[in-house]
Structure formats: structure tokens, C-alpha cells
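Residue-level listing of the chains:
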Amino acid sequence: MQRVEREIARLIQEIDYDVVTHLFEKLQGGKRLRAKLILKIATSSEQAPLLGAIVELVHGASLLHDDVIDEATLRRGTPSVNATDGSKTAVMLGDILYSKAFSELVLFDREIAKVVSSSVTALSKGEMMDVKMSQNFNDDAQIYLDMLYLKTATLIEAAAQGAALLEGKDAQKHALYGKNLGLSFQIIDDILDITADEATLGKPAMNDFVEGKCTLPYIYLYHALNTPEQERLRRLHAKVLDKEETLWIKEKMQEHKSIEKSFALAQKLSNEAMQAVKEDAGLIEILETMIKRSY
Ligand code: FPP
Ligand code: MG
């Protein structure tokens, strides 16, 4: 991973603008899940750390823009760039990071460049769907999962597939691994939004529903409630919840096992990811660590 960090530092330096260097230093690196995946798959390729750096810059750019869109004030436990330096700066920093990533991506094999660049179109499409969907109460799990695939899983899928292409490994199997890992990862994120506290999350707890996002536990809950309760849940959608309302949602989720049902789907997807790369202990370990986040 040090080689990935070195590549990231080199690319930032090449931008040659102290404002960017300074802002980037303030950004927390995060888990670097996508780069870790690339290194575990493309074990012998000289280009793997650069591909990891590219994907992490794209991911970082997408989060900068996402925090502007979501009007978020916290990211990874510290104030977001839009909160400290304003939305204009956050958008422009995102533009610089992601265009720099793309100018490095063209150095790669055409097929790899195509896989990664089209995943960025897909994740942008997913973000747009997420914003549109949060304007209304969505109770359709499939629509939700389709959006999740685009918004979160496609970049992870592209990272795994791109790394497999770099290493001459089975691209389809690794793409499937990345896709299911990505979906499972995001479902666990949605669960943690409900079960974890602000200190653990590095952002406000139970915020998804306030932002209008009907994540899987809310969709499962909705279908388990009786009609007056369904109406109450709809009325609480996209508004700041008081203590009693939060407690009601949590109790109802407990009663109807909404978290357990969501977790079961995350586990099923994670098992499918495991099946795709059966003999690769390193990739299985990444999955297991990810699933353990939810305990
Ligand atoms: C986080 O979702 C957001 C994403 C995973 C994708 C955001 C994508 C864009 C803004 C498209 C623009 C892309 C580029 C490369 C500039 P979330 O809000 O559910 O998660 P959070 O709780 O971590 O904010
Ligand atoms: Mg967000």
C-alpha cells in the first residue's frame, strides 16, 4: 500500500498547485479498499500501484462532490471540504483529482481504461438516481439495489476487473467478485447508519432516512408494517427525527428483524463473491474483514 500512497503523492505533486496540495493533505485517506483489492489481484504488475492510485483519486473526487450534493458537514470523522472551504472549492478539487486520474488512466491498456472510465459514468448515473429517489419514499428493494450497484459497486467491480486484466487473470470472475463485494459493502454501510453511533461512523448516525434515503432496512420494515404504521413511516421520511421517532423506528426494526434481513442479503452477496474467487485467500480475507465491520 505504501507504493499506492507514493503514487498518489506523486500525482498530487504533479498538479503543482500548493492550494491543492494543502487541501489534499487535509483529506483523510479512508480504508483504501479499492486500491487494496487491486494490489491483491494484480500481484506482479508494475502498474498496479498506479491503477490503485487512479481509482482512489476517482473515489476521493466522487466523495468530495457527494458531500456537496448531500450538504454533508462530516467526512471520515473530520469536517468535509465543503464545510471548511466551501462547496465551490470542494467541486473544483474533485474536478482536479478526477481529471488527473483520467490523464494517467490513458497510459493503460485500452480495455482497462475503458472498464475504469465507464464505471465513472455508471457511478455518476447512480448518484443522480440516488438524489432523484430520495425526493420520494421508495419501497421497491430492486430499484434500490439497482441504484446501489451503479453508485457504489461499479467502481469496485471496475477495480477488480481492471486488476485482473492487468495480471492476465479471469476478468469476469473478478468483476463478479467486485460487484458482489461492492453491493454487500454498501448494504452493511446502510445497516451501520442505523446501528452505529456518530463516533464510530465519523458522520451523524441515522442520517440516511433524514436525507431521504430509503435504504434496505427501511424498505424491509415498510413491507412488514400495518397500514397506519406504514403511513407513519412515510410521514417521517426526509425529516429531522426527534428521540421518540428514532426510537419508534429502531423498535419496529427490531420487532420485524429488518436489520437481520438486510444483513442476510449482505451475507448472501458476500458468499457469492467468495464463490467467484474460491481459491484466493487474500480476496476472501478482504470480504471477511468487510463483513466483520458490522459486528
Ligand atoms: C456516496 O454515497 C457517494 C458515492 C459512492 C458516489 C458519488 C458519485 C458522484 C458524486 C458522481 C461524481 C463522480 C466523480 C468522479 C466526480 P452516500 O452519500 O450514500 O454515502 P456517504 O454516507 O459516505 O456520503
Ligand atoms: Mg453522501
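This report concerns the structure included in the present document. (Residues numbered from 1 in each chain as written. Chains lettered and ligands numbered in written order. Predicted model: local features only at pLDDT ≥ 70, side-chain atom pairs only at ≥ 80, totals over all residues. Heavy atoms only, no water.)

### Description of the packing of helix α3 (residues 33-41) against helix α9 (residues 171-195)
Where α3 meets α9, the closest approach of the two axes is 13 Å, and the angle between their N-to-C directions is 155°. Considered as vectors, α3 and α9 are oriented roughly antiparallel to each other. Seen along the crossing, α3 lies across α9 with a hand that is right-handed. Where α3 abuts α9, its residues Leu33, Leu37 and Ile41 lie against His174, Tyr177, Leu181 and Phe185. (Axes fitted to C-alpha atoms, helices over the stretch in contact; angles between N-to-C directions. Helix = DSSP H or I, 4+ residues; strand = E, 2+ residues; numbered from the N terminus. Parallel < 35°, antiparallel > 145°, perpendicular 65-115°, else oblique. Left-handed = near helix turned anticlockwise from the far one by under 90°. Contact = heavy atoms within 4.5 Å.)

### Looking at the coordination of the magnesium ion (ligand 2)
Taken together, Asp66 (OD) and Asp70 (OD) make up the full set of protein donors to the magnesium ion (ligand 2), lying 1.9 to 2.1 Å away. In this pair, Asp66 and Asp70 are both assigned in helix α4 (residues 48-70), 4 residues apart and thus about one turn of the helix distant. (Donors = N, O, S within 2.8 Å, 3.2 Å for Na, K, Ca; no water.)

### Digging into the site of ligand 1
Neighbouring ligand 1 are 15 residues, the closest being Asp66, Asp70, Arg75, Lys151 and Lys203. Between an oxygen atom of ligand 1 and a side-chain N or O atom of Asp66, the distance comes to 2.9 Å. Between ligand 1 and Arg75 there is a distance of 2.8 Å, counted from an oxygen atom to a side-chain nitrogen or oxygen. Protein coverage of the free-state accessible area of ligand 1, which is 640 Å², stands at 89%. Sorting the residues of the shell around ligand 1 by element identifies α4 and α7 (110-133) as the ones contributing at least two each. The element best represented in the shell around ligand 1 is α4, accounting for 6 residues. For the shell around ligand 1, a count of residues per class yields 5 nonpolar, 3 polar and 7 charged. (Near = heavy atom within 4 Å. Polar contact = N/O pair within 3.5 Å; in protein donor to acceptor, adjacent residues only side chain to side chain. Areas by Shrake-Rupley, 256 points an atom, 1.4 Å probe, with all protein chains shown as cover. Nonpolar A, V, L, I, M, F, W, Y, C, P; charged D, E, K, R; others polar.)

### What to know about the side chain of Ser45
Relative to the helices and strands, Ser45 resides in the loop between α3 and α4. You can call Ser45 buried: its relative accessible area is 13%. Within the structure, the side chain of Ser45 is placed 3.1 Å from the backbone nitrogen of Gln47, a separation counted as a polar contact. Those residues in contact with Ser45 that sit more than four places away from it in its chain are Leu166 and Glu167. (Buried < 20%, exposed > 50% of the residue type's maximum accessible area, 1.4 Å probe, protein only.)

### Re the packing of helix α15 (residues 258-276) against helix α16 (residues 281-292)
Packed helix pairs are specified by the crossing angle of their axes together with the interaxial distance, meaning the distance between the axes. One way to put it is that α15 packs onto α16 with a least axis distance of 10 Å and a crossing angle of 170°. As the angle between them shows, α15 and α16 are arranged roughly antiparallel. Of the residues in α16, those in contact with Phe263, Ala266, Gln267, Ser270, Ala273 and Met274 of α15 are Ile284, Leu287, Glu288 and Ile291. Counted by class, the contact of α15 with α16 contains 7 nonpolar, 2 polar and 1 charged residues.

### Some thoughts on the environment of Leu265
If you trace the backbone, Leu265 turns up in helix α15. Under the relative-accessibility criterion, Leu265 is labelled buried at 16%. Through-space distance from the C-alpha of Leu265 to that of Ser184 is 7.6 Å; in sequence the pair is 81 residues apart. Those residues in contact with Leu265 that sit more than four places away from it in its chain are Leu145, Ile187, Leu216 and Tyr220.

### A look at the pattern of salt bridges
Inspection of the entire model under this criterion finds 20 salt bridges. A salt bridge links Lys26 to Asp85, with the shortest nitrogen-to-oxygen separation between them at 3.1 Å. Placement of Lys26 in helix α2 (residues 18-26) and of Asp85 in helix α5 (residues 81-85) is noted, with a sequence separation of 59 residues between them. Owing to a relative accessible area of 34%, Asp85 belongs among the partly exposed residues under this scheme. The shortest N-O distance in the salt bridge between Arg75 and Asp66 comes to 3.4 Å. Among the residues examined, Arg75 registers a relative accessible area of 22% and is labelled partly exposed. The network of salt bridges with shared partners includes Glu7, Arg10, Glu14, Lys100 and Glu104. (Salt bridge = Lys/Arg side-chain N within 4 Å of Asp/Glu carboxyl O.)

### Let's talk about α16
With 12 residues, α16 extends 16 Å between its outermost C-alpha atoms, agreeing within 8% with the 16 Å of an ideal straight helix rising 1.5 Å per residue. Taken as a whole, α16 has its buried residues at Gly282, Leu283, Ile284, Ile286, Leu287, Met290 and Ile291. Among the structural elements, α3, α9 and α15 are those in contact with the buried residues of α16. Sitting at the amino-terminal end of α16 is Asp280, which places a side-chain oxygen 3.2 Å from the backbone nitrogen of Gly282. (Expected span 1.5 Å × (residues − 1).)

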